[in-house]
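# Coordinate analysis (summary)
Residue strings, one per chain:
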Amino acid sequence: MNTKSITRASLRLRKARLHHRLVDSQGNPEITACPEPVAVVLAEKQRLETLLWRSNRAVRAYCACSRMIVEASEELELLRRVCSTMVDTVGYRMAWIGTLADDPGKTVQPIAQAGFAQGYLEKAPISWADNDRGRGPTGVAARTGEPVACRNMLTDPRLLPWREEAARRGYASSLALPLKAKDKLFAILTLYACEPDAFEGDEFDLLVELASTLAFGIDALRVALERKEAAQALLQNEIRLRALYESMNEGLCVHDLIYDQAGQPVDYRILEVNPKYEKILGIPRDQAVGSLASALYRMEQPPFLQIFASVLETGEPAYFETYFDPLDLHFRISAFCPNPGHVAVLFNDITKRRKAEEDLKRLNDHLEQRVSEQTIALQSAKEIAETANRAKSAFLANMSHEIRTPMNGILGMTTLALKRELPEDVREFLQLVQQAGHSLLDIINDILDISRIEAGKVTLDMHPFQLDNVVASALKPLEIAARQKGITFQYSIEPDVPNDCLGDSGRLRQLLTNVAGNAVKFTSRGSVVVTVRSLEPEDSNKAKLLFIVKDEGIGIPQKNLRSIFENFEQVHTPAHLKHGGTGLGLAISKALAEMMGGTIQVESQLGEGSTFSFTVAFNAVESRAEAPRQVPSQARTQATPLNILLAEDDRISSMFASNVLKSWGHQVETVEDGQKALEKLRTEQFDLVLMDALMPVMDGMQTTELIRSGQAGDPHIFIVALTAFALQGDRERFLAAGMDEYISKPINLEELRLVLEKAHSAATRNTPASPSHTVLRAPFIAKS
Ligand code: ADP
């Protein structure tokens, strides 16, 4: 409460009373010397009483409001009570307080009001703008910040907009008092009295004083409120921080560093610790707070002193992990500077984690060692397996070669013998020998194939081919076999099947022969039907074909439908076993179908027949591939005689080949090794050399190399490898060594014929027509 203002106000009041006694209503000194009539005296008395009454009214207002201001705790409530007091206790007709709205009309918005208003403020709104509605005392006071009174609302022209409403409510004069806190106007208190000239002299002064006290009180209330709010926020903050501090999972301690006279850090004092600190370090707070670190931790040099000093010096926080010997614990520490001179340290006990890491590392090292041991073991196992694999491949190649050479002899000699006049029973025996020989060759081929497939050594030999030719070449022999057995054999290729394909025709032929061959083999009456269909391919560049081989043979039991596609698996019924076989054909077929992007499957009923179907995918070829040149056999047997050098160490093979060649009208010279072949070439002229690969003294490869380097006869002479090396890749190997063609043993006579024709065409291309039909090459130039 502004006691000073109250004191000043009472003084003024006393002065006013004195003044009223000595001056008239216009302020002129009273003429006490003149005798007065009674009426004048009475009038003066009444005037003075009115003045007194008014002064009393103002004093009452001041006192009541002052008390309220002192007791107030809430701003709006205070303003309302002030308005009520002005009306109820003091006796004004109406009182209201309005704030200055920052709206377009700059209206003065009532926030507290008392007395006889009856919608006065709403009907005749008041503005603080400089316009008609702002010219009344409230508007002017709002703009100027000064108190403004209106002596007579019914005559004052500024009050015109409100006159009527004011008259209706009995307002005769008014006073607008600005309420300012720290020189900033925040509201206007406007009072209305029933009589004109109400707010004059002392009353005016006292009410101005009251307004100033009220504004001061409100400002004080606001400041108190702000303080209260700030204190509450602070308290909340502190509660939060305290909770955090208490519940923190990290130990916290705050240190005050101590320096010696030279400015060197020597120790630090513990200022504060949290409960986690107590728990981790096992040191009670009472013992820690206020102690010197050196004493508390019993260390001559307190822990991490230099790091903390550097944090303080640079202001840069420090993070580190360390082992704390006195407690045998590992810590992760963050040190920072919360305020000048202090270092706060947050720390975590990471001993368990560290131990786990160490265990993990040990385990890791152990595992790494195990892995490297295993790797070495695996490496050596791999090397052993590779060596074994190489040995197996070498064995297979060797076996293949060794078996094919005598088979060549057996089959060749049988063929030659069968060309002779023979007694019927001998012919039949020889035919059986030939048949058995071919079966044996098939078995060998199957065994070699399956081992090479399993070793992943079989690759497809992609080339353009015509499907109808391949299908025919696979099925024609079977058709003959079927006819001989008295069963029907039909095959068809549906019209939409593309004929020009790119793929491995040899492997397709093998696959089809296996499956259709089984059908013929296991059917003794009824029919075998082969159909080739086109399927919708997954890839538009491919042709997907479906081969269906349906027979009316002995069928397959349900339980064997899967197993027959595995190596060496056969159905063990007497009817099946009587047909023999190795159980490899379908395993090879399955592998080949899968290599060609397809699958194979079977449906069968025992005793009723089987349907095998397989799919293969080929790359489609746009133009029709050129059909292999088919020369009528008759024409070929009558080909121009050639002068042939046959280098072959195996006597039987040599006999067979020279016999066949001579029977076709060619001249043949035979030698048993490469060395002799070179000698022959140096002295005689030949059209071609049929060169065995494996020969004593000098093998076929080496001999070819010497011929090609010009060391014996024509370096360009046509050389054909005639060899029992018949595995995949062998052909390429011989061609790469400089040979022109390759024939595998046992010799296929058709193949031999074609190769001779090639040799003849090559010789004709290279040599101008010669008078001698036997020598087709350039004259021989002997080497020295
Ligand atoms: P192989 O015919 O040389 O024994 P395969 O692998 O070709 O070997 O066939 C495995 C077995 O499946 C045959 O032995 C036979 O028992 C059975 N099998 C295959 N095709 C047929 C078929 N069309 N009809 C009846 N059984 C068959």
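Residues numbered from 1 in each chain as written. Predicted model: local features only at pLDDT ≥ 70, side-chain atom pairs only at ≥ 80, totals over all residues. Heavy atoms only, no water.

### So, a nonpolar patch on the surface
Here is the rule we go by: Nonpolar side chains (Val, Leu, Ile, Met, Phe, Trp, Tyr) are joined into patches within 5 Å and like charges within 9 Å, using only residues with over 30% relative accessible area and no salt bridge. The Shrake-Rupley method, run with a 1.4 Å probe, gives the accessible areas here. Residue values count only the displayed protein chains as cover. Any Lys or Arg side-chain nitrogen located within 4 Å of an Asp or Glu carboxyl oxygen qualifies as a salt bridge. A helix here means a DSSP run of H or I that spans at least four residues, while a strand means a run of E at least two residues long, and both kinds are numbered starting from the N terminus. Accessibility here uses a 1.4 Å probe with only protein chains present; expressed as a share of the type maximum, an area under 20% marks a residue as buried, one over 50% as exposed, and anything in between as partly exposed.
Taken together, the side chains of L360, L363 and L367 present a nonpolar region at the surface, about 300 Å² in accessible area. Tracing the backbone shows L367 in helix α12 (residues 351–418). Judged by its relative accessible area of 44%, L367 is partly exposed.

### Here's the deal with unusual backbone geometry
The step from K745 to P746 runs through a cis peptide bond, and the omega angle for that step is 0°. As for its placement among the helices and strands, P746 is situated in the loop between β22 (741–744) and α23 (749–766). We note that Q118 has phi near 45°; this positive angle belongs to a residue other than glycine. Relative to the assigned elements, Q118 resides in the loop between β2 (108–115) and α4 (120–123). A positive phi angle, close to 55°, is found at D328, a residue other than glycine. Tracing the chain through its elements places D328 in the loop between β8 (318–324) and β9 (329–336). Looking at D328, the relative accessible area reads 46%, which means it is partly exposed.

### Concerning the pattern of salt bridges
As enumerated under the stated definition, the model contains 38 salt bridges in all. Between D219 and K182 there is a salt bridge, with its nearest N and O atoms 3.1 Å apart. Pair noted here: D219 is in helix α7 (residues 201–247) and K182 is in the loop between β4 (173–181) and β5 (184–193), with a separation of 37 residues, a long-range link. Overall, D219 belongs to the buried group, its relative accessible area being 15%. We note a salt bridge from R731 to E741, for which the minimum N-O separation is 3.5 Å. Of the two residues, R731 is situated in helix α22 (residues 730–736) and E741 in strand β22; the sequence distance between them amounts to ten residues. R731 sits in the partly exposed class, given a relative accessible area of 33%. A residue is classified by how much of its surface remains accessible, and E741, at 7% relative accessible area, is buried.

### Re the site of the ligand
Let me state the cut-off plainly: One heavy atom within 4 Å of a molecule or strand makes the whole residue count as near it. We call two N or O atoms a polar contact when they sit within 3.5 Å, provided that within protein one can donate a hydrogen and the other can accept it, with sequence-adjacent residues counted only if both atoms are side-chain atoms. Asp, Glu, Lys and Arg are counted as charged, while Ala, Val, Leu, Ile, Met, Phe, Trp, Tyr, Cys and Pro are counted as nonpolar; the rest, among them Gly, fall into the polar class.
For the ligand, the set of nearby residues contains 21 residues, the closest of which are N518, D551, Q570, T582 and L586. Separating an oxygen atom of the ligand from a backbone N or O atom of G585 is a distance of 3.2 Å. Relative to its unbound accessible area of 520 Å², the ligand is 97% covered by the protein chains. Listing elements by their share of the shell around the ligand, those giving two or more residues are α15 (505–521), α17 (585–595) and β17 (609–620). Taken together, the residues of the shell around the ligand break down into eight nonpolar, ten polar and three charged.

### Some remarks on the packing of aromatic side chains
Here is the rule we go by: Two rings belonging to Phe, Tyr or Trp (six-membered ring only in the last case) form a pair when the distance between their centres is within 6.5 Å. Interplanar angles under 30 degrees mark stacking, angles over 60 mark edge-to-face geometry, and anything in between is tilted. Sitting over a ring, as applied to charges here, requires NZ of Lys or CZ of Arg to be within 6 Å of the ring centre and within 35 degrees of the ring normal.
By the definition in use, this model includes 17 aromatic pairs. For R93, the ring lying beneath its charged end belongs to F116, and the centroid distance is 4.1 Å. Over the face of the ring belonging to W128 we find K106, whose NZ or CZ atom lies 4.8 Å from the ring centre.

### Some thoughts on the environment of N364
Residue placement: N364 occurs in helix α12. The class of N364 is partly exposed, set by a relative accessible area of 40%. Put simply, N364 and L52 are 312 residues apart on the chain and 105 Å apart in space, counted from C-alpha to C-alpha.

### Comments concerning the nonpolar core
Formally: Only buried Ala, Val, Leu, Ile, Met, Phe, Trp, Tyr and Cys residues count toward a nonpolar core, and they belong to the same one when joined by side-chain atoms within 4.5 Å. Two residues qualify as a contact provided that any one of their heavy atoms is within 4.5 Å of a heavy atom in the partner residue.
Formed by 47 residues in total, the largest nonpolar core has its most connected members in L467, L508, F547, F614 and V616. For this core, the secondary-structure elements that each account for two or more residues are α13 (424–454), α14 (467–485), α15, β14 (527–535), β15 (542–551), α17, β16 (600–605) and β17. Look past the residues within four positions of F547 in its chain and what remains in contact with it is L467, V471, L508, L512, T531, V532, F612, S613, F614 and V616. Counting 38 residues, the second largest nonpolar core, distinct from the first, contains V82, L175, L207 and L210.

### Describing the sheet that holds β5
Two orientations exist for strands paired in a sheet by backbone hydrogen bonds: parallel and antiparallel. Rules: Strand pairing follows a simple DSSP-based rule, namely that at least 2 bridges must link the two strands. Orientation is described by axes fitted as lines to C-alpha atoms, over the contacting stretch for helices, and by angles from 0 to 180 degrees between their N-to-C directions.
A sheet is described by the order of its strands in space; here five strands give the open sequence β2-β1-β5-β4-β3, paired in antiparallel fashion. Of all the strands in the sheet, the pair left with one neighbour each is β2 and β3 (148–150). Averaged over all adjacent pairs, the angle separating strand axes in this sheet is 20°, with direction ignored. Alignment of strand β1 (residues 94–100) against β2, held across seven bridges, turns out to be antiparallel. Following the sheet pairing, L100 is matched in β2 by V108. Contacts from helix α3 (residues 75–90) reach β1, β2, β4 and β5, with the element oriented near 50° to β2. Contacts from α7 reach β3, β4 and β5, with the element oriented near 35° to β4.

### A look at the sheet that holds strand β10 (residues 342–349)
Read from one edge to the other, the open sheet built from five strands follows the order β7-β6-β10-β9-β8, with strand pairing classed as antiparallel. Of all strands in the sheet, those with a lone pairing partner are β7 (265–273) and β8, marking the two edges. Between one strand axis and the next, the sheet turns by 30° as a mean value, whatever way the strands run. The pairing of strand β6 (residues 251–259) with β10 spans six bridges and is antiparallel. Following the sheet pairing, L252 is matched in β10 by L346. Packing of α12 onto the sheet brings it into contact with β8, β9 and β10, and relative to β9 it is tilted by some 125°.

### Some points on helix α19 (residues 651–663)
Because the α-helix completes a turn every 3.6 residues, residues three or four places apart line up on one side. Which entries qualify depends on this criterion: Expected helix span is given by 1.5 Å per residue-to-residue step, counting one fewer step than there are residues.
The end-to-end C-alpha distance of α19 is 18 Å, a good match for the 18 Å that 13 residues give at a rise of 1.5 Å each. Among all positions in α19, only S653, S654, F656, A657, S658, V660 and L661 are buried. At the exit of α19 stands G665, carrying a positive phi of roughly 95°.

### Some points on the confidence of the model for the protein chain
Detailed conclusions should not be drawn from predicted coordinates in areas where pLDDT is low. The test is simple: As a per-residue measure, pLDDT reflects the predictor's confidence and takes values from 0 up to 100.
Chain-level pLDDT for the protein chain is 84 on average; 90% of the residues reach the 70-or-more range. Here residues 624–638 is a poorly scored stretch, pLDDT under 50, and it has 18 contacts once near neighbours within four places are set aside; other chains count. Taken as a whole, residues 768–784 scores under 50 in pLDDT and shows 35 contacts with residues more than four places along the chain or in a different chain.

### Brief notes about the packing of α3 against α7
Stated precisely, the cut-off is as follows: When an angle is under 35 degrees it counts as roughly parallel; over 145 it counts as roughly antiparallel; between 65 and 115 it counts as roughly perpendicular; any other value is oblique. By convention the crossing between two helices is left-handed if the near helix lies anticlockwise of the far one by an angle smaller than a right angle, and right-handed if it lies clockwise.
The N-to-C vectors of α3 and α7 enclose an angle of 160°; their axes lie 10 Å apart at closest approach. As far as their axial angle goes, α7 and α3 are roughly antiparallel. Note that α3 runs across α7; the crossing there is right-handed. Here E75, L78, L79, V82 and M86 of α3 come into contact with α7, specifically with L207, L210, L214, I218, L221 and R222. A per-class count over the contact of α3 with α7 returns nine nonpolar, no polar and two charged.

### Let's talk about the pairing of β7
Here β6 runs beside β7; their pairing, made up of seven bridges, is antiparallel. Bridge assignment links C253 to a residue of β7, and that residue is V273. In this antiparallel pair of consecutive strands, β6 and β7, the connection spans five residues, and G263 shows a positive phi of 85°.

### As for the side chain of R404
Our working definition: Only four residue types enter the charge count: Lys and Arg as positive, Asp and Glu as negative, with His and the chain ends excluded.
By the element assignment, R404 lies in helix α12. For the buried R404, no salt bridge is present, and the opposite-charge side chain at shortest range is D730, 7.6 Å distant. Those residues within four positions of R404 in sequence are excluded, and the remaining contacts are L441, N445, L448, A724, A726, K745 and P746.

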